[in-house]
Amino acid sequence: MSGRAFRAQLVTQGERELFDYWLRSAGTKRMPARSDLDPLKVPRLLPHLGLIDVRDGLDQASFRLAGTRLRDVYGQEITGKRVDEVFAGDRAAYWRRIHERIMRLGRPLHGVVRGPAEGRDHIVLFWLRLPLSEDGGRVDRILCHDMAGTAKDKQSEMERALPRYPRFLAEFSSEPRRAQLR
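Residues numbered from 1 in each chain as written. Predicted model: local features only at pLDDT ≥ 70, side-chain atom pairs only at ≥ 80, totals over all residues. Heavy atoms only, no water.

Trainee: Can you lay out the overall build of the chain for me, pointing to particular residues and giving the numbers?
Mentor: Looking only at helices and strands, the chain features six helices and five strands. Helices (α) and strands (β) of the chain occur, in sequence order from the N terminus, as α-α-β-β-α-α-α-β-β-β-α. Relative to its 182 residues, the chain shows a buried fraction of 48%. Here the contacts in the chain between residues at least 6 apart in sequence split such that 54% fall between residues at least 24 apart. As presented, the chain carries roughly 9400 Å² of accessible surface, and 48% of it is formed by carbon and sulfur atoms. (Helix = DSSP H or I, 4+ residues; strand = E, 2+ residues; numbered from the N terminus. Buried < 20%, exposed > 50% of the residue type's maximum accessible area, 1.4 Å probe, protein only. Contact = heavy atoms within 4.5 Å. Areas by Shrake-Rupley, 256 points an atom, 1.4 Å probe, with all protein chains shown as cover.)

Below, the structure is given as structure tokens:
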């Protein structure tokens with residue numbers, strides 16, 4: 001999928017801004033390095049950003065940085081926590097597949113999920129994951145943008161407002177799904 005097609009599927013303005021910044025930062029490279037990014041260039045997005053360090057593999061991956069709004073999303077401070085501590089229980093397999101795919105392909109992924117972490121079923125999360133690589137090939141970090149809304153019922157107002165959005169199933173699934181148009 002081209003960058004333009006991928007961008008067209010992004011729902012929130014924050015996702016589009018971060019994706020555009022990620023593309024600009026990469027320049028002619030396949031993906032930018034962490035050192036190519038300057039957080040001060042996207043100050044409005046900082047509360048929704050996270051950075052997962054995957055240099056030692058996914059089993060040792062941890063959140064090196066987590067914006068202040070991520071505490072609301074995950075119900076705890078996640079800076080310094082291992083990924084398997086944040087995404088535990090029923091949610092672990094879903095997020096592991098997402099992060100493995102990003103590491104393997106070196107391509108961005110995005111989606112919508114209800115209940116991003118254990119005990120957080122009242123949240124609908126619009127998520128974006130962007131690979132970073134210091135050597136230009138191997139993904140060593142994953143830049144995250146997480147924007148949450150509250151799901152008050154089976155299908156929240158936020159979800160109903162997006163009838164044409166190619167999205168994942170609203171109910172949590174342990175399998176990442178390809179976006180499907182309705």
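Let's pick the thread back up.
Trainee: Report on the pattern of salt bridges, specifying residues and quantitative values.
Mentor: Within the structure shown, the criterion is met by 14 salt bridges. Residue R96 is joined to D59 by a salt bridge in which the shortest nitrogen-to-oxygen separation is 2.9 Å. You can see R96 sitting in helix α5 (residues 92–105) and its partner D59 sitting in the loop between β1 (49–53) and β2 (62–66), a full 37 residues away along the chain. Here R91 and D121 are joined by a salt bridge, their closest N and O atoms 2.0 Å apart. Placement of R91 in the loop between α4 (83–86) and α5 and of D121 in the loop between β3 (109–114) and β4 (123–132) is noted, with a sequence separation of 30 residues between them. With a relative accessible area of 7%, R91 lands in the buried category. The class of D121 is partly exposed, set by a relative accessible area of 44%. (Salt bridge = Lys/Arg side-chain N within 4 Å of Asp/Glu carboxyl O.)

Trainee: For the packing of aromatic side chains, give the residues involved together with the corresponding values.
Mentor: One pair of aromatic rings is described through two measures. These are the centre distance and the angle between the planes. One pass over the structure, following the stated rule, counts seven aromatic pairs. Considering the side-chain rings of F19 and W22, the 5.8 Å spacing of their centres and the 20° angle between planes classify their relative orientation as stacked. Taken as a pair, F19 and W22 lie in helix α2 (residues 13–26) at a separation of three residues, close to a single helical turn. With respect to class, F19 is no different from W22; both count as buried. (Phe/Tyr/Trp six-rings, centres within 6.5 Å; stacked < 30°, edge-to-face > 60°.)

Trainee: Go over the pairing of β1, please, and point to the residues and values.
Mentor: Most of β1 is tucked away: five of the five residues are buried. Burial of the side chains of β1 extends over both faces: L49, L51 and D53 are buried on one face and G50 and I52 on the other. In this sheet, β2 lies alongside β1 in antiparallel orientation, the contact comprising four bridges. In the strand pairing of β2, I52 is matched with F63. (Pairing = 2+ DSSP bridges.)

Trainee: Could you give an account of the environment of L132, with specific residues and numbers?
Mentor: The residue L132 is located in strand β4 in this model. For the pair L132 and D53, spaced 79 residues apart in sequence, the C-alpha to C-alpha distance is 9.6 Å. Look past the residues within four positions of L132 in its chain and what remains in contact with it is W22, M31, P32, R34, L37, L51, R138, V139, D140, R141 and L143.

Trainee: Go over α5 with me, naming the residues and quoting the values.
Mentor: With 14 residues, α5 should reach 20 Å at 1.5 Å per residue; the first-to-last C-alpha distance of 20 Å fits that figure. Trailing α5 by a residue or two, G106 shows a phi angle of about 65°, which is positive. (Expected span 1.5 Å × (residues − 1).)

Trainee: Run through α2, naming residues and quoting values.
Mentor: Along its 14 residues, α2 runs 20 Å from first to last C-alpha, staying within 8% of the 20 Å computed at 1.5 Å per residue. Here α2 has its buried residues at G14, E15, R16, L18, F19, Y21, W22, S25 and A26. G27 sits one or two residues past α2 and shows a positive phi near 60°.

Trainee: So what about the side chain of R129? Which residues, and what values?
Mentor: Among the secondary structure elements, R129 is positioned in strand β4. Judged by its relative accessible area of 0%, R129 falls in the buried class. Looking at R129, its side chain comes within polar contact range of the side chain of H99, at 3.3 Å. (Polar contact = N/O pair within 3.5 Å; in protein donor to acceptor, adjacent residues only side chain to side chain.)

Trainee: Mind laying out the confidence of the model for the chain, listing which residues take part and the relevant values?
Mentor: Residues at a pLDDT of 70 or more form 81% of the chain, whose mean pLDDT is 85. Of all helices and strands in the chain, the one with the weakest mean pLDDT is helix α6 (residues 157–160) (48), whereas β1 scores best (98). Low pLDDT, under 50, characterises residues 154–182; the predicted model gives this stretch 67 contacts beyond four residues in sequence or across chains. (pLDDT = per-residue confidence, 0-100.)

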